[in-house]
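# Coordinates in review
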Amino acid sequence: MIETSNTPQLSPELVERFAAIVGPRNAITDTDLLAPFMEEPRSLFRGEGRLVLRPGSVEEVSAILRLASETRTPIVPQGGNTGLVGGQSARSPGEVVLALSRLDKVREVDPVGRTMTLEAGVVLETAQQVADDAGLFFPLSLGSQGSCQIGGNLASNAGGTGVLAYGNARELCLGVEAVLASGEIFHGLRRLKKDNRGYDLRNLLVGSEGTLGVITAAVLKLFPKPAGREVAYVGLGSPRDALALLKTAEGRAGGALTAFELMPRIGMEFTLRHTQGARDPLASAYPWYVLIEISSNRSGEDARETLEAILGEALEAGTVQDAALAQSLEAAATFWKMREEMSWAQKPEGGSIKHDVAVPVARVPDFLEAADRAVLAAIPEARIVAFGHLGDGNIHYNISQPVGADTAAFLGRWKEINRIVHAIVADMDGTFSAEHGIGQLKRDELAVTKQGIEIELMRRLKRAFDPYDILNPGKLVQV
Ligand SMILES: Cc1cc2nc3c(=O)[nH]c(=O)nc-3n(C[C@H](O)[C@H](O)[C@H](O)COP(=O)(O)OP(=O)(O)OC[C@H]3O[C@@H](n4cnc5c(N)ncnc54)[C@H](O)[C@@H]3O)c2cc1C
């Protein structure tokens, strides 16, 4: 558990004024009802808030922020509460959690312009379904998609498994509506693919982790639904072989390569051990695995032929040792389950020190070799679960505690191990935060690793948007 700051509690009068905006049922103060808003997935940060507000309209969000500005009350926007860096956690009893889940309307689907306009509280899985119902496809896909929300996805500029072909959340967003710290509403729900009228406020708000404004709705890009999609689970000897397979796949499939996920054997074992319904798609065990997905706008046969050609070439070259092609939609879902459950499956194994790093794609094998050497020198029995989006150069380099080790003592080495791994990443011109953002967890590291001028400009922007520092204070950048 990471220490948080302590500021005074809210006065009962102020709680009443906030409650009057949303109505008593949507102003939560009861300890049991507060609990789900205060716990985050990794239990690294315990939220200290004593008030959660659940506005039901943009006007209510605006009124809340006007009052917060007037009374200098810190506001912590929260979506699905699945963030992994503590951005959505209230750091003190004086902070008010603004939960956006009641803003869950589908405002519009435009099948011709291929966009959908959704409110911030729409759950990602629902957004995917809305697109599907319109005969279209929304490609953002994360392990947390059953709970995370569009507002949170945009605020954290989420990545996931579809980035390789479709880009991250920022690239899927054409416009946003947001409430600023003053309570003013920025009406930016544009559906334009081209708009060169000066500074791009949408792109400042996307990825700002709730520090510049509260996103209340967004226009999202949709894509033609692939006519066919084929998935294979591949066993191979090393990340270098996986990189060779990626090159083959990109060469043969181009933009039809829609996922390329790397997984280690130990991650498979954790998933098999802790996930109901999980099964190994291959008959034998291999040191590494790749989940590869090909989509075709022509047909299923076209996708299958492309996938078979990729695997045939790789088997001949010796980069692949075995492969299973999903023979049904159900089998494809089982393959994906192995990848998606890998994040959760580490939890029952005890403490896990996490990294969300990216290096240039071609350097991933070098990174893994160097990081493994350095980490095992520091903690010889550590169990390294390095998995993720090889096609993006983004690896979740996670380290589970040695079997039988003391969890608290192991987690006490979090910063030391981060320093070791992040130094290797920096040497390779990489980033220590590829897709999960900064939040509380990485704020201090950002301050010392980013160029001075970048941090200073971020601070000036923060002051311009939020002069009283009421929006998610202490997250991302300290003013
Ligand atoms: C199992 C698992 C797998 C995951 N996989 C991925 C992955 O592959 N890729 C990835 O990028 N992330 C992943 N994540 C992290 C997380 O799910 C994403 O970052 C997600 O986008 C967060 O959405 P949320 O609605 O839960 O936001 P929250 O966790 O509630 O908030 C995240 C941040 O956004 C801010 N925020 C939330 N809503 C708003 C709003 N409406 N306006 C302004 N600010 C807001 C919060 O203040 C906070 O700073 C994973 C998490 C889990 C638990």
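Residues numbered from 1 in each chain as written. Predicted model: local features only at pLDDT ≥ 70, side-chain atom pairs only at ≥ 80, totals over all residues. Heavy atoms only, no water.

### Regarding the domain arrangement of the protein
Parsing the protein into structural domains produces domain 1 (12-99), domain 2 (106-224), domain 3 (228-340) and domain 4 (350-427). One C-alpha centre belongs to domain 1, the other to domain 4, and the line joining them spans 34 Å. (Domains from an automatic or database assignment.)

### A look at the pairing of strand β4 (residues 96-99)
Of the two faces of β4, the one carrying V96 and L98 and the one carrying V97 and A99 are both buried. Relative to β4, strand β2 (residues 51-53) runs parallel, the two being bridged by three bridges. Paired with V52 across the two strands is V97, which belongs to β4. As paired strands, strand β3 (residues 75-78) and β4 are joined by four bridges and run parallel to one another. Bridging across to β4, Q78 finds its partner in A99. (Buried < 20%, exposed > 50% of the residue type's maximum accessible area, 1.4 Å probe, protein only. Helix = DSSP H or I, 4+ residues; strand = E, 2+ residues; numbered from the N terminus. Pairing = 2+ DSSP bridges.)

### Comments concerning the packing of helix α8 (residues 239-253) against helix α10 (residues 300-317)
α10 packs onto α8 with a crossing angle of 140 degrees between their chain directions and a minimal axis gap of 9 Å. As the angle between them shows, α8 and α10 are arranged oblique. Considering the relative orientation of α8 and α10, their crossing is right-handed. Contacts between α8 and α10 involve L245, T248, A249, R252 and A253 from the first element and T306, A309, I310, E313 and A314 from the second. (Axes fitted to C-alpha atoms, helices over the stretch in contact; angles between N-to-C directions. Parallel < 35°, antiparallel > 145°, perpendicular 65-115°, else oblique. Left-handed = near helix turned anticlockwise from the far one by under 90°. Contact = heavy atoms within 4.5 Å.)

### Concerning the packing of aromatic side chains
This model, assessed by the stated rule, comprises six aromatic pairs. Judged by centre distance (5.6 Å) and plane angle (70 degrees), the rings of F137 and Y166 are edge-to-face. Here F137, found in strand β7 (residues 136-137), pairs with Y166, found in helix α6 (residues 163-166); they are 29 residues apart in sequence, far enough to count as distant. Just as F137 is buried, Y166 falls in that class too. Pairing Y233 with Y289 gives two aromatic rings, centres 5.8 Å apart and planes at 50 degrees, and the pair type is tilted. (Phe/Tyr/Trp six-rings, centres within 6.5 Å; stacked < 30°, edge-to-face > 60°.)

### Digging into the sheet that holds strand β5 (residues 106-110)
Strands belonging to one sheet form pairs held by backbone hydrogen bonds; the direction of such a pair is parallel or antiparallel. The five strands lie next to each other as β5-β6-β10-β8-β9, forming an open sheet whose pairing is antiparallel. With partners counted over all chains shown, the strands left at the sheet margins are β5 and β9 (185-188), one partner each. Adjacent strand axes in the sheet meet at a mean angle of 15 degrees when their direction is disregarded. Relative to β9, strand β8 (residues 173-179) is paired through four bridges, and the arrangement is antiparallel. Looking at the pairing, A178 lines up with F186 of β9.

### Thoughts on helix α3 (residues 58-71)
The terminal C-alpha atoms of α3, which comprises 14 residues, lie 20 Å apart, in line with the 20 Å expected from a rise of 1.5 Å per residue. The set of residues buried in α3 consists of V58, V61, S62, A63, I64, L65, L67, A68 and S69. (Expected span 1.5 Å × (residues − 1).)

### So, the site of the ligand
For the ligand, the set of nearby residues contains 37 residues, the closest of which are P77, G79, T82, G83 and S144. N81 places a main-chain nitrogen or oxygen 2.9 Å from an oxygen atom of the ligand. For the ligand, an oxygen atom lies 3.1 Å from a polar atom in the side chain of N472. A total of 960 Å² of accessible area belongs to the ligand in isolation, and the protein chains cover 97% of it. Among the elements of the structure, β3, α5 (150-155), β10 (214-221) and α12 (342-345) are those that each provide at least two residues to the shell around the ligand. Counting residues per element, the shell around the ligand draws most heavily on α5, at four residues. The residue inventory of the shell around the ligand, partitioned by class, reads twelve nonpolar, 23 polar and two charged. When residues of the shell around the ligand are assigned to domains, at least three fall in each of domain 1 (12-99) and domain 2 (106-224). (Near = heavy atom within 4 Å. Polar contact = N/O pair within 3.5 Å; in protein donor to acceptor, adjacent residues only side chain to side chain. Areas by Shrake-Rupley, 256 points an atom, 1.4 Å probe, with all protein chains shown as cover. Nonpolar A, V, L, I, M, F, W, Y, C, P; charged D, E, K, R; others polar.)

### Quick notes on the environment of G210
You can see G210 is positioned in the loop between α7 (201-205) and β10. Separated by 229 residues in the primary sequence, G210 and G439 place their C-alpha atoms 9.4 Å from one another. Excluding residues that lie within four positions of it along the chain, G210 makes contacts with P77, A155, L471 and N472.

### Some thoughts on the pairing of strand β18 (residues 383-389)
Burial analysis of β18 places seven of its seven residues in the buried class, the great majority of the element. Bridging between β18 and strand β19 (residues 394-400) involves seven bridges; their strand directions are antiparallel. Across the sheet, residue V385 finds its bridge partner in β19, namely N398. Between the antiparallel neighbours β18 and β19 lie four residues, among them G393 with a positive phi of about 70 degrees.

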